[in-house]
Amino acid sequence: MMIVAGQSQSTYFLEEEVPNTERSHTLSVLVDNEPGVLARVIGLFSGRGYNIESLTVSEVEHEKHLSRITVVTTGRPPVISQIMHQLGRLVPVHKVVNLTWSGESIERELALVKVGGRGELRDEALRLAQAFNARTVDATLESYVFEITGTPSDIDRFVSIMKECGLVEVARTGLAALARGRAGIVDSPAS
Amino acid sequence: MTRQMTGAEMVIQALADQGVDTIFGYPGGSVLPIFDELYQQDKVHNVLVRHEQGAGHAAEGYARSTGRVGVALVTSGPGATNMVTALADALLDSIPMVCITGQVPTHLIGTDAFQEADTVGITRPCTKHNWLVRRIEDLPHVLHEAFRIATTGRPGPVLVDIPKNIQFQTGTYENFKGKPLTQYNPPVKGRVEAIKEAVALMAAAKKPVIYSGGGVINSGADASRLLRQFVEMTGFPITSTLMGLGGYPASGKNWLGMLGMHGTYEANLAMHDCDVMVCIGARFDDRITGRIDAFSPKSKKIHIDIDPSSINKNVLVDVPIVGDVAHILGQLTEAWLDLNPTVDTAAHKAWWKQIDSWRAKKCLTYKNSSEVIMPQYAIERLYALTKDRDTYITTEVGQHQMWVAQFYGFDEPKRFMTSGGLGTMGYGLPAAIGVQVAHPDALVIDVAGDASIQMNIQEMATAVQAGAPVKAFILNNQYMGMVRQWQQLLHGNRLSHSYVEAMPDFVKLAEAYGAVGIACSKPGDLDAAIEEMISIKRPVIFDCRVANLANCFPMIPSGKAHNEMLLGEEVSDEEIGNAIGAAGKALV
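Since the model is a prediction, treat every value here as computed from it, not as a measurement. (Residues numbered from 1 in each chain as written. Chains lettered and ligands numbered in written order. Predicted model: local features only at pLDDT ≥ 70, side-chain atom pairs only at ≥ 80, totals over all residues. Heavy atoms only, no water.)

S.K.: Break down the sheet that holds strand β16 (residues 416-417) of chain B for me, citing the residues and quoting the values.
M.R.: All names here are of chain B. Read from one edge to the other, the open sheet built from six strands follows the order β16-β15-β17-β18-β20-β19, with strand pairing classed as parallel. Each edge of the open sheet carries a strand with a single partner, namely β16 and β19 (516-520). Direction of pairing for strand β18 (residues 471-476) relative to strand β20 (residues 540-545): parallel, over a ladder of six bridges. Note on β20: the bridge partner recorded for Ala472 is Ile541. The sheet strands contacting helix α20 (residues 506-513) are β18, β19 and β20, and the helix crosses β19 at an angle near 170°. (Pairing = 2+ DSSP bridges. Helix = DSSP H or I, 4+ residues; strand = E, 2+ residues; numbered from the N terminus. Contact = heavy atoms within 4.5 Å. Axes fitted to C-alpha atoms, helices over the stretch in contact; angles between N-to-C directions.)

Laid out in structure tokens, this is it:
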């Protein structure tokens, strides 16, 4: 399902198409890159009592001043479609796409993971990092910082293993996501 | 054509280019350059209010009674924060409004400067959109876009925050009217398949009902005309929300009265028992639906709304049609005529018979008195004595508001201004001033309660100064009547802080403001007193002393369904005390 500024929309067919259970949804939102746009989106979620599991935002088309917000939220289909419509009526929002509904998508996140310690644990941390295809981006005699990219659950797994190896802290970027296939958010037709 | 001018000049020029001749404002430090420009021209006229909230509601009243944009101009900090209630009010009732606020100079933003507030931050959730203009180059286009956003799609309030140094700077002005700045462009026409589906449902209906709302009024005169034609064509019964009153005439033969919490018995039971519901420009608000899981359980629902987020928000509907009411009513009419359906006349006849049996309950009956003025009687007399005039009614919020909705028959759109969504006490008087300024020769009456009127009573001075002969018709019962009624229903009649002990002498108060005061406490004197009020071409405060403890019925108690209404005549005190269950008490 997709909501496009300036196009007629309806939502009533949704209930037949998707199971009515609560689950996590990844929404891609194309917005004008203007001051306050992120505050509008976040304010909408907090003001209407929707939750945000993850949110990332960055300018994606400099000349057109367009940013892309990727937001992960949880709810039953009617709530998700309400969230999409509420996002769709914000003036700076161009398009809202539910990647979870529109088919397969690719989801990636990057994390920096710092572990500390000496001796056997330190060696173990490095071996595990290699097993997870994490890059070592900083090393001292008593610490490493690894960079890992993967799905959020890959990163969860890596972080939870690193807890056994002297985990100090983690910084995560939040989710970046795209639909598979040729069509992009800008030029894909409304469904 | 472009011209060089200051930011302050641009504001006035843009207003003039948008056809604005009247604004409502209050000056202050950060907005002085704009007021200085106002002083030096005569295209745009400012009505000086006494409180910024009053400017906002006056702009709302102006907008709702004319269909044009209401404009307010206030200063930074407290000027802007005082405006917040009016913006929230306009957002919930979809009123097109442009609010221009002054801001501290850009180099002082963020320093906690004198009269600095994060105006765009504070007003973000209570405007449709807002801007802080940090560059003079952006100002002309933003000003014109503000008007476009306020009026396009679902109307609403927008705010433009202009720092003082930008007001002084010189830049290039261009008239951007009709040239969008953003991609915002909501659809007006409904999907053809949805129209077909809706017409098929309506054609097969045995027990149809139309439930119309404020969207009909907002959509413009065409929408009301088409609605009347549509009702005539289909023969369907019609009810309406508070905001939609006047869209279909109260004197029309298919009219069921208002629906909802204080709606009529026939309207609510028709909603509960119908098999096809046609919702036109309304939004299934909780005051309308009552208990949501028992709301109209047997019906197929068609929902026409310009805002896609209204659809399936509270009630799941079967056929949503997103677009403008007037456009869609036109499409529906055309599709109905094309189909030329053979409706089930026998079923319709039986349905009307059923409706007539509900009507026979006469749910608005009240016990009249020859000793004391019953509030319902006061509204009935006010209606009888003003209905043949060019009359506009505004209200505050509470019992008096519901009595107006029940007992004042609105036959035309844009004649009734009330705070529906936000329920803002203090709305009516400034709104009446806004209406009066737009219609100088009309009779404009704010039906008020003794508590509500005191929330923005200072605007009497505005009315006197502006020469706006508004009438504040106060149903004075010494209580916050609706609060007291709820305390009786919900809280064992413990009347916590709902009695107004130190009531001002409204007649002297009127005189103190330079207006005229009238008091009346006997039913026999009421007509003459109302006639006197009408004949006075100055602002009037009418202190109508009414029965103190009257309740507003019928009523759907919180947490109950449409078919579980309390009717006035048959309710005992005990039933009132037990009317609302534990779960209902938690609702509002």
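Next comes the rest of the write-up.
S.K.: How would you explain the side chain of Glu396 of chain B if you had to name every residue and give the values?
M.R.: By the element assignment, Glu396 of chain B lies in the loop between β15 (391-395) and α16 (399-407). Within polar-contact distance, the side chain of Glu396 of chain B engages the backbone nitrogen of Gly426 of chain B at 2.8 Å. (Polar contact = N/O pair within 3.5 Å; in protein donor to acceptor, adjacent residues only side chain to side chain.)

S.K.: Now, about the pattern of salt bridges: what can you tell me, with residues and values included?
M.R.: Applying the stated criterion across every chain yields a total of 28 salt bridges over all chains. Each member of the salt-bridge network shares a partner with another, and the members are Arg89 of chain A together with Arg154 and Asp307 of chain B. (Salt bridge = Lys/Arg side-chain N within 4 Å of Asp/Glu carboxyl O.)

S.K.: So, the packing of helix α8 (residues 192-204) of chain B against helix α13 (residues 325-339) of chain B: which residues are in play, and what are the values?
M.R.: Residue and element names in this part refer to chain B. Two numbers describe how α8 lies on α13: the axes approach to 9 Å, and their chain directions differ by 60°. When the axes of α8 and α13 are compared, the pair comes out oblique. At the point where α8 passes α13, the crossing takes the right-handed sense. On α13, the residues that touch Ile195, Ala198, Val199, Met202 and Ala203 of α8 are Ile328, Gln331, Leu332, Ala335, Trp336 and Leu339. For the contact of α8 with α13, the class distribution of residues is ten nonpolar, one polar and no charged. (Parallel < 35°, antiparallel > 145°, perpendicular 65-115°, else oblique. Left-handed = near helix turned anticlockwise from the far one by under 90°. Nonpolar A, V, L, I, M, F, W, Y, C, P; charged D, E, K, R; others polar.)

S.K.: Could you give an account of the interface of chain A and chain B, with specific residues and numbers?
M.R.: Across the contact, 22 residues belong to chain A and 25 residues belong to chain B. A combined buried area of about 2,100 Å² lies between chain A and chain B, and 52% of that area is made up of carbon and sulfur atoms. At the boundary of chain A with chain B, the tally comes to one salt bridge. Here Arg89 of chain A ties to Asp307 of chain B by a salt bridge, and the two come within 2.4 Å at their closest N and O atoms. Along the contact surface separating chain A from chain B lie five residue pairs in polar contact (both at pLDDT 80 or more). Of the residues forming the side of chain A that touches chain B, the biggest block, three residues, is contributed by helix α3 (residues 77-88) of chain A. When grouped by side-chain class, the residues that make up the side of chain A that touches chain B number six nonpolar, eleven polar and five charged. (Buried area = accessible area lost by both parts, 1.4 Å probe.)

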